[in-house]
Amino acid sequence: MASIKLKHSGGNGVIIAAPSSNPASDRTITLPSTADGTMLTTTNPKAGNIIQVQQTVGTGTYSTNSQTYSDVITCAITPSSTSNKIICIYKIGCSTSNGGYSGAVRLARDSTAIYVGAAASNRIQASSHFVADSDGIGNVKIFDQSGSFLDSPSTTSAITYKLQFRSDYSGTYIYAGQSVEDSDNTYRGRVPTSLLLMEVAA
């Protein structure tokens, strides 16, 4: 395998080696011509570089009538450094079994709620909150809930982010991915639920 060694005055150097297997065609690495630059590696990224991306997309439908948060979808990631941060972006479409009722959505890291409002007596701590409305003829609409948050997990262990939801009223269902009616008609929709994670170098 052909290689070129760029030797430092101290003795060691950098070896540029041909690929271990024959590529489908010639590959070109172009160096900058207008400014100096430093080649980045996965072990030496600049602050702000995206290290990895993980995503979970749920195309199914989900429901709960509990006033306790439960998982809708989850997404796992293992940070490469304790100082790196995780960008969390979520989207979920919700409806309730009756107009005027409400529900909440929460982002959590493992068992810890993150990106929620301040605790205040009986008020629900949530990342997103919605009150259902109807279209005027009794059909409850789907309400898209979305948000983004820069988390600092301070770990290199595997962690699981969770998008959770709950009903605000005992026995009243809330739905994700569908409207409560969900009849087999072209004027009924189903929408995806997603959770996107990006590790950012500190």
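Anything mentioned here points back to the structure above.
A brief look at the structure comes next. For every chain, the first residue of its written sequence is number 1, and the numbers climb from 1 along that sequence. The model is predicted, so local features are restricted to residues of pLDDT at least 70 and side-chain atom pairs to those at 80 or more, both for listing and for counting; the totals for chains, interfaces and linings are taken over all residues. Each side-chain value is derived from all of the structure's non-hydrogen atoms; neither hydrogens nor water enter the calculation.

Thoughts on the environment of Ser25
Working step 1: Every helix listed is a DSSP run of H or I at least four residues long, and every strand listed is a run of E at least two residues long, numbered separately from the N terminus. As for its position among the elements, Ser25 is in the loop between strand E2 (13–17) and strand E3 (50–58).
Working step 2: Only 3.2 Å separates the side chain of Ser25 from the side chain of Arg27, close enough to count as a polar contact. For this analysis, a polar contact is any N or O atom pair within 3.5 Å, provided that within protein one partner can donate a hydrogen and the other can accept it, and provided that sequence-adjacent residues contribute only side-chain to side-chain pairs.

A few points about the environment of Ser183
Working step 1: By secondary structure assignment, the location of Ser183 is in the loop between strand E12 (174–176) and strand E13 (193–200).
Working step 2: Residue class for Ser183 comes out partly exposed when judged on its relative accessible area of 27%.
Working step 3: Note: C-alpha distance between Ser183 and Ile86 (97 residues apart in sequence) is 39 Å.
Working step 4: Of note is the side chain of Ser183, whose polar atom sits 2.8 Å from the side chain of Asn185. Each residue gets one of three labels from its accessible area relative to the maximum for its type: buried under 20%, exposed over 50%, partly exposed in between, using a 1.4 Å probe on protein chains only.

Some remarks on the layout of surface pockets
Vacant regions in the atomic arrangement are exposed by a probe of water-molecule size rolled over the atoms.
Working step 1: Only protein atoms enter the calculation, which uses a 1 Å grid: trapped sets of points that fit a 1.4 Å probe without letting it out are cavities, open sets showing protein on both sides within 12 Å along at least five of seven lines are pockets, and any residue with an atom within 4 Å of a point is a lining residue. Grid points are joined across faces, edges and corners, and a volume is the space filled by probe spheres set on the points. Of the voids in this model, the largest pocket is the one considered here, and its volume is about 280 Å³.
Working step 2: We call Asp, Glu, Lys and Arg charged. Ala, Val, Leu, Ile, Met, Phe, Trp, Tyr, Cys and Pro are nonpolar, and the rest, Gly among them, are polar. Residue composition of the lining of the largest pocket, grouped by class: six nonpolar, three polar and no charged.

Things to note about unusual backbone geometry
Working step 1: One non-glycine residue, Asp110, lies in the positive phi region at around 55°.
Working step 2: The topology assignment puts Asp110 in the loop between strand E7 (102–109) and strand E8 (112–114).
Working step 3: Overall, the relative accessible area of 33% leaves Asp110 in the partly exposed class.
Working step 4: A positive phi angle is found at Ser121, which is not glycine, with a value near 55°.
Working step 5: Structurally, the position occupied by Ser121 is in the loop between E8 and strand E9 (128–131).
Working step 6: Since its relative accessible area comes to 71%, Ser121 is described here as exposed.

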